[in-house]
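Tertiary structure, described
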Amino acid sequence: MKFAVIVFPGSNCDIDMYHAVKDELGAEAEYVWHDAESLDEYDGILLPGGFSYGDYLRSGAVARFSNVMKEVVKAAEAGKPILGICNGFQILLEAGLLPGAMRRNDSLKFICRTVELKVENNETMFSSAYGKGEVINIPIAHGEGNYYCDEAVLAELKKNNQIVFTYNGTNPNGSLENIAGIVNEEGNVLGMMPHPERAVDELLGGADGLKLFQSIVKQWREAHVVKL
Amino acid sequence: MYKVKVFVTLRESVLDPQGTVVKNSLHSMNYSEVSDVRIGKYMELTVEKSDRPVEEAVKEMCERLLANVVIEDYRFEIEEAVAQ
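Residues numbered from 1 in each chain as written. Chains lettered and ligands numbered in written order. Predicted model: local features only at pLDDT ≥ 70, side-chain atom pairs only at ≥ 80, totals over all residues. Heavy atoms only, no water.

Threshold: UniProt positions are given in the numbering used here, feature names are shortened, and annotations may be inferred rather than shown by experiment.
By the naming in an unreviewed UniProt entry, chain B goes by Phosphoribosylformylglycinamidine synthase subunit PurS and is assigned to Sporosarcina globispora. Reading the Catalytic activity (unreviewed entry) entry of the UniProt record for chain B gives the comment "N(2)-formyl-N(1)-(5-phospho-beta-D-ribosyl)glycinamide + L-glutamine + ATP + H2O = 2-formamido-N(1)-(5-O-phospho-beta-D-ribosyl)acetamidine + L-glutamate + ADP + phosphate + H(+)". What UniProt records for chain B under Sequence similarities (unreviewed entry) is the sentence "Belongs to the PurS family."

The name that an unreviewed UniProt entry assigns to chain A is Phosphoribosylformylglycinamidine synthase subunit PurQ, with the source organism given as Cytobacillus firmus DS1. For chain A, the Pathway (unreviewed entry) comment in UniProt is given as "Purine metabolism; IMP biosynthesis via de novo pathway; 5-amino-1-(5-phospho-D-ribosyl)imidazole from N(2)-formyl-N(1)-(5-phospho-D-ribosyl)glycinamide: step 1/2." Its UniProt record gives chain A a comment under Subunit (unreviewed entry), which states: "Part of the FGAM synthase complex composed of 1 PurL, 1 PurQ and 2 PurS subunits."

Listed below in structure tokens is the structure:
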């Protein structure tokens, strides 16, 4: 399985993402610049964290109109797994691939620490290696992770089991219903504020994030590799 | 040529944490008459005349990029400007 790590001007978690997938997961990965014309050769698309285009105007608002995003939309429609982490999540929201929007953290502070997440839905292609209700430790690092959507959208998210991760215990940023990560209705686009790619090795303080990437590969193998 | 002033603020239904902090600060300075503060963005666009009505073009720009209509409201003022 071959992943594309999309790099925007201002991305800064692209190297962590590449390391997680290539070195820790053992899958193929390539950096793909924001003006790329095609993503046809990739099986999974990863939108890393950072501050694309300096977060000017709003987080993700400018990146959403970059050339490669047309291809990301195409890949999403084709059912390929799309994972947006932190700024990547914000870009997916701005692009309309996921519903809702991000507000500034209710504390108005940039928060950088490890938090507990609860796996609310382990029946997605991103979370199948976790147990339902499993509590995992994943770092967060954001100033705008305060997820918001209106009541109608929230009702849909709940009805379709689209809330994949919530903050366990204290809510660090004020997000609606403690939401930390959601999938689209089809289940192949995940956006989350916490950074699983920073939790892939005990040496780095924890490896709870690795199962997320393993889940993606597991689903892909089941769908694409013929059993002997 | 037009000069367009665009104002973007968080929707009334969306809590504005910056506005709340500023309101509390004003209260602590004894401006008790302030009942609400909303903080937003102000943008100035210089727009050349074209075949398209300027209102239509600016509205589209606001909807697509300048504001996120999920959480933000926008309004704009258009002034006809004389080229310098």
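**Considering the overall build of chain B**
The line we're drawing: In DSSP terms, a helix is any run of H or I states spanning at least four residues, a strand is any run of E spanning at least two, and both are numbered starting from the N terminus. What the globule rule says is 2.2 Å times the number of residues to the power 0.38, and the radius of gyration is computed from C-alpha atoms. Buried residues are those whose accessible area, probed at 1.4 Å on protein chains only, stays under 20% of the maximum for their type, while exposed residues exceed 50% and partly exposed ones sit between those limits. Residue contacts follow a heavy-atom distance rule, with two residues in contact if any of their heavy atoms lie within 4.5 Å. We get accessible surface area from the Shrake-Rupley algorithm with a probe of 1.4 Å; when it comes to residues, only the shown protein chains can shield them. The positive count covers Lys and Arg only, the negative count covers Asp and Glu only, and His and the chain ends enter neither. The atoms used to mark charge sites are NZ of Lys, CZ of Arg, CG of Asp and CD of Glu.
Across its full length, chain B carries two helices and three strands. Starting at the N terminus and walking to the C terminus, you meet the elements of chain B as β-α-β-α-β. For 84 residues, the compact-globule formula gives about 12 Å, and the C-alpha radius of gyration of chain B, at 16 Å, lies well above that figure. Counting only C-alpha atoms, chain B reaches 50 × 30 × 15 Å along its principal axes. Taken over 84 residues, chain B has a buried fraction of 26%. A separation threshold of at least 6 residues defines the contact pool for chain B, and within that pool the share at least 24 residues apart is 72%. A total accessible area of about 5,600 Å² is found for chain B, and carbon and sulfur atoms account for 51% of it. Charged side chains in chain B number 11 positive and 16 negative. The centres of these two groups are separated by 2 Å.

**What to know about the UniProt feature "active site" (unreviewed entry) in chain A**
All names here are of chain A. Worth spelling out the cut-off: Polar contacts, as used here, are pairs of N or O atoms within 3.5 Å; protein pairs need one atom able to donate a hydrogen and one able to accept it. Residues neighboring in sequence count only if both atoms are side-chain atoms.
As annotated by UniProt and renumbered to match this structure, "active site" (unreviewed entry) occupies C86, H195 and E197. Over a stretch of 112 residues, the named residues converge on one spot in the fold, their C-alpha atoms separated by at most 10.9 Å. Along the chain, C86 falls in the loop between strand 4 (82-85) and helix 3 (87-94). When sequence neighbours within four positions are dropped, the list of residues in contact with C86 reads G49, A141, H142, M192, M193 and H195. Ignoring any residue separated from it by four or fewer positions in sequence, one finds E197 in contact with C13, D16, M17, A20, I85 and F213. At 2.8 Å, the side chain of E197 and the side chain of H195 are in polar contact.

**Quick word on the environment of A207(A)**
Residues and elements named next belong to chain A. Structurally, the position occupied by A207 is in the loop between strand 11 (189-192) and helix 5 (210-224). Residue class for A207 comes out partly exposed when judged on its relative accessible area of 24%. Ignoring any residue separated from it by four or fewer positions in sequence, one finds A207 in contact with A199, V200, D201 and E202.

**Comments concerning the sheet that holds strand 3 (residues 72-80) of chain B**
Remark on secondary structure: sheet strands pair via backbone hydrogen bonds, oriented parallel or antiparallel. Residues and elements named next belong to chain B. Let me state the cut-off plainly: We call two strands paired when DSSP finds no fewer than two bridges between them. Note on geometry: axes are C-alpha line fits, over the in-contact stretch for helices, and angles between N-to-C directions span 0 to 180 degrees.
As summarised here, the arrangement of the three strands in space is 2-1-3, forming an open sheet in which the pairing is antiparallel. Two strands bound the open sheet, and with one partner strand each, they are strand 2 (40-47) and strand 3. The average undirected angle you get between the axes of adjacent strands in this sheet is 20 degrees. Running over the sheet, helix 2 (residues 54-66) touches strand 1 (2-10), strand 2 and strand 3 and is turned about 150 degrees from strand 3.

**Remarks on the layout of surface pockets**
So the rule is basically this: Cavities and pockets are defined on a 1 Å grid built over the protein atoms alone: a cavity is a set of grid points where a 1.4 Å probe fits but cannot escape, while a pocket is an open set with protein on both sides within 12 Å along at least five of seven lines, and lining residues are those with an atom within 4 Å of any such point. Grid points are joined across faces, edges and corners, and a volume is the space filled by probe spheres set on the points. The residue classification treats Ala, Val, Leu, Ile, Met, Phe, Trp, Tyr, Cys and Pro as nonpolar and Asp, Glu, Lys and Arg as charged. All others, Gly included, are polar.
Here the largest pocket is characterised by a volume of approximately 420 Å³. Together, 25 residues line the largest pocket, and R104(A), E144(A), L10(B), K41(B) and E72(B) are the ones closest to its centre. Mapped onto the lining of the largest pocket, the elements with two or more residues apiece are helix 3 and strand 5 (101-103) of chain A together with strand 1, helix 1 (17-28) and strand 2 of chain B. When its residues are assigned to classes, the lining of the largest pocket shows ten nonpolar, six polar and nine charged.

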